[in-house]
Amino acid sequence: MMSARHFLSLMDCTPEELLSVIRRGTELKDLRNRGVLFEPLKNRVLGMIFEKSSTRTRLSFEAGMIQLGGQAIFLSPRDTQLGRGEPIGDCAIVMSSMLDAVMIRTYAHSTLTEFAANSRVPVINGLSDDLHPCQLLADMQTFLEHRGNIQGKTVAWIGDGNNMCNSYIEAAIQFDFQLRVACPEGFEPNPRFLAQAGDRVTVVRDPKEAVAGAHLVSTDVWTSMGQEEETARRLKLFTPYQVNRALLDLAADDVLFMHCLPAHRGEEISMDLLDDPRAVAWDQAENRLHAQKALLEFLVAPAYRPA
Ligand code: CP
Ligand code: NVA
């Protein structure tokens, strides 16, 4: 029964599969821009469990399912039995008997693995405390569209060694690029992810060193969801890690700047950075839609046959 294909991490796909998903994302974007109706997931239903807030992830999955001919159902733990302590495994058995795929945004990554272990349909990680693989599909699609293949390029991650950073580490392995992480002491990415990456990833203290000659610079909020009580302390410690135009000037001439959003101008980025011609954050956000439609097409079985 548990034979469904899941997407909890970039490591759940081969490098070839990931490349074909992001290329397909660009094709689906083109179809939509040309107004072509493409509904391979007619009658298919995606359940979306959100334990944390979201704008992009919810919209892109919900709009994406509708555009592919299916439907999406938003499930908040506040109004389901999940929030009243029904075991995750039980929820997975029941939900996966009625749905064709389930997307989950949660705190502990083990919620995803436990759900997936009991689900008969694909489970997609819409962000956990450990990883944000869907965002990386969009980021990699965006790089491909603007600059071509990222293989062999140098990427700088500036700031917190958080869920996004961990997914960048996995992307370095799967898409074969060098990653330099610049973070304050005590905010390094999880050693488990670093160990997997070997010499593809280096951790430094100085953001200038990380950015030197880089082809892509990316950052994220200093305080992730669930860490709100650490905000004041983090604001102080992360101040030297703000990405601004002067820092980007140290990168390659054709550098791209990405931010998964939401952004806090004046904190992890300068007030003007998203207006800089090197910033592609809006394309990146839009590509969540296209990349995840490609992911849904890849994971979810196509339409039912007529009776
Ligand atoms: N980047 C991202 O996942 O945004 P949301 O939190 O709005 O979904
Ligand atoms: N690191 C951030 C990403 C938000 C999309 C968080 O987890 O809150």
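Predicted, not measured: the structure shown is a model, and the values here were computed from it.

A.B. asks: Can you walk me through the site of ligand 2 in this structure?
C.D. replies: Close contacts around ligand 2 come from Leu127, Asn162, Asn163, Asp220, Val221, Ser224, Met225 and Leu261, and that covers them all. Between Asn162 and ligand 2, the recorded distance is 3.4 Å, taken from a side-chain N or O atom to a nitrogen atom. One of the side-chain nitrogen or oxygen atoms of Asn163 is found 2.9 Å away from an oxygen atom of ligand 2. Burial of ligand 2 by the protein chains amounts to 94% of its free accessible area of 270 Å². The class makeup of the residues in the shell around ligand 2 is 4 nonpolar, 3 polar and 1 charged.

A.B. asks: Teacher, can you tell me more about the sheet that holds strand S9 (residues 256-259) here?
C.D. replies: Strands pair in a sheet through their backbones, by hydrogen bonds, and they do so in one of two ways: parallel or antiparallel. Reading across the sheet, the 5 strands line up as S7-S6-S5-S8-S9 and stay open at both edges, with parallel pairing between neighbours. Of all the strands in the sheet, the pair left with one neighbour each is strand S7 (201-204) and S9. For this sheet the average axis-to-axis angle between neighbouring strands, irrespective of direction, equals 20 degrees. Judged from the 5 bridges that link them, strand S5 (residues 154-158) and strand S6 (residues 178-182) form a sheet pairing that is parallel. If you follow Ala156 over to S6, its bridge partner there is Arg180.

A.B. asks: Would you explain the site of ligand 1 in this entry?
C.D. replies: Inspection of the region around ligand 1 gives Ser54, Thr55, Arg56, Thr57, Arg105, His132, Gln135, Cys260, Leu261 and Arg288 as its neighbouring residues. The separation between an oxygen atom of ligand 1 and a polar side-chain atom of Ser54 is 2.6 Å. Surface burial for ligand 1 is 95%, taken as the share of its 250 Å² of free accessible area covered by protein chains. Across the shell around ligand 1, the residue classes tally to 2 nonpolar, 5 polar and 3 charged.

A.B. asks: Just to check I follow, could you spell out the sheet that holds strand S4 (residues 123-125) for this structure?
C.D. replies: One open sheet accounts for 4 strands, arranged S2-S1-S3-S4; its pairing is parallel. The open sheet terminates on both sides in strands that have one partner only, identified here as strand S2 (71-75) and S4. Each strand of the sheet is rotated relative to its neighbour by a mean of 20 degrees, with strand direction disregarded. Sheet topology places strand S1 (residues 45-50) next to strand S3 (residues 101-105); 5 bridges connect them, and they run parallel. Within the sheet, the bridge partner assigned to Leu46 lies in S3 and is Ala101.

Criteria and thresholds
Residues numbered from 1 in each chain as written. Chains lettered and ligands numbered in written order. Predicted model: local features only at pLDDT ≥ 70, side-chain atom pairs only at ≥ 80, totals over all residues. Heavy atoms only, no water. Near = heavy atom within 4 Å. Polar contact = N/O pair within 3.5 Å; in protein donor to acceptor, adjacent residues only side chain to side chain. Areas by Shrake-Rupley, 256 points an atom, 1.4 Å probe, with all protein chains shown as cover. Nonpolar A, V, L, I, M, F, W, Y, C, P; charged D, E, K, R; others polar. Pairing = 2+ DSSP bridges. Helix = DSSP H or I, 4+ residues; strand = E, 2+ residues; numbered from the N terminus. Axes fitted to C-alpha atoms, helices over the stretch in contact; angles between N-to-C directions.

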